[in-house]
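Chain by chain, the residues:
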Amino acid sequence: MFIKRYITGPIEVNTYLVADEETKDAIIIDLGGSWDEIKRDAGNLGFKINYILLTHGHFDHILGIAQMQKTENIPVLMNEKDMVYIENLPLMLSHFRINSDVTSIKVDKFIDETSELKVGNYPVKILSTPGHTPGGQSYIIDGNLFCGDSLFRHSVGRTDLKGGSHAELINSIKTKLFILPPSTPVYPGHVDFTTIEDEIENNIFVR
Ligand SMILES: [Zn+2]
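Regarding the sheet that holds strand S4 (residues 48–53)
Within the open sheet, the 6 strands sit side by side as S1-S2-S3-S4-S5-S6. Their pairing is mixed. Strands with a single pairing partner mark the edges of an open sheet, and in this sheet they are strand S1 (2–8) and strand S6 (109–110). In the packing of helix H1 (residues 35–44) onto the sheet, the strands contacted are S1, strand S2 (13–20), strand S3 (25–29) and S4, and the crossing angle to S1 comes to about 160 degrees.

Things to note about the coordination of the zinc ion
Protein coordination at the zinc ion comes from His 56 (NE2), His 58 (ND1), His 132 (NE2) and Asp 149 (OD), with a distance range of 2.2 to 2.4 Å. Geometry at the zinc ion is irregular, judged from its 4 donor atoms and the angles of 85 to 170 degrees they form at the metal. Linear spacing of the donor residues for the zinc ion on their chain is H-x1-H-x73-H-x16-D. Of this pair, His 56 sits in the loop between S4 and helix H2 (63–69) while Asp 149 sits in the loop between strand S10 (144–148) and strand S11 (151–152), and the two are 93 residues apart along the sequence. Looking at His 56, the relative accessible area reads 2%, which means it is buried.

Considering the nonpolar core
Leu 17, Ile 28, Leu 31, Ile 52, Ile 65, Met 68 and Ile 105 are the most contacted members of the largest nonpolar core, which totals 33 residues. A total of 4 residues in this core trace back to one element, the largest contributor, which is H2. Setting aside its immediate chain neighbours within four residues, Ile 52 contacts Ile 28, Leu 31, Ile 65, Met 68, Ile 74, Pro 75, Val 76 and Leu 77. Core analysis: the second largest hydrophobic core is formed by 16 residues, Ile 27, Ile 111, Val 124 and Tyr 187 among them.

Let's talk about empty space enclosed by the protein
The probe, sized like a water molecule, is rolled over the atoms to show the empty space still left. Enumeration according to the criterion identifies 1 cavity of 30 Å³ or more in this entry. Roughly 40 Å³ of internal volume is contained in the largest cavity. As for the largest cavity, its lining consists of Thr 55, His 56, Thr 129, His 132, Thr 133, Gly 136, Gln 137, Cys 147, Gly 148, Asp 149 and Ser 150. Residue classes in the lining of the largest cavity are distributed as 1 nonpolar, 9 polar and 1 charged.

The rules behind each value
- Residues numbered from 1 in each chain as written.
- Predicted model: local features only at pLDDT ≥ 70, side-chain atom pairs only at ≥ 80, totals over all residues.
- Heavy atoms only, no water.
- Pairing = 2+ DSSP bridges.
- Helix = DSSP H or I, 4+ residues; strand = E, 2+ residues; numbered from the N terminus.
- Contact = heavy atoms within 4.5 Å.
- Axes fitted to C-alpha atoms, helices over the stretch in contact; angles between N-to-C directions.
- Donors = N, O, S within 2.8 Å, 3.2 Å for Na, K, Ca; no water.
- Tetrahedral: all angles 85-135°; square planar, octahedral: opposite > 155°, others 65-115°.
- Buried < 20%, exposed > 50% of the residue type's maximum accessible area, 1.4 Å probe, protein only.
- Core = buried A, V, L, I, M, F, W, Y, C linked by side-chain atoms within 4.5 Å.
- 1 Å grid on protein atoms, 1.4 Å probe; cavity = no way out; pocket = protein on both sides within 12 Å on 5 of 7 lines; lining within 4 Å.
- Points joined across faces, edges and corners; volume = space filled by probe spheres on them.
- Nonpolar A, V, L, I, M, F, W, Y, C, P; charged D, E, K, R; others polar.

Below you can see the structure in the form of structure tokens.
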């Protein structure tokens, strides 16, 4: 499994290009920006980007989708409960004083824990992990966890924004993420990579 991280957009989101190197099928997880660079890389590697998977609807994880949608129509998949953030995108941007000409993006398909997705030959397991946002989802592909802003290295996502719930977030982490194999690599929505084992031992926000 091919995984490359890009740090994108005004709030340094981790954007991931994930691919089955055998079939050349690829997806992008969260697209904060840098669309041209990621598209070029995918092209150079012979990858075809099948769809874009969003961990949640916050503006910093989606701004690059507007760039992509100027010229292409790659399907964007997300949980329906986070549409409130997409519908209020200009409000969110002004709240965070982000200068952007993006006013909206198009979401093509709603997905939840019952949806079946693949990247080439790898199934995508969808976990509902609300708390940072109501429609927050984590994805497991080939034993790798992509958890958006639910869990960070030795920290957790903020829950003070509209729709956030600290109790719900901690419950999601305990019941959905901390039951995964300890060696599971964790690819969060911002900053450093970690593992489930490291977080169980050292994350003081989850006790
Ligand atoms: Zn977020």
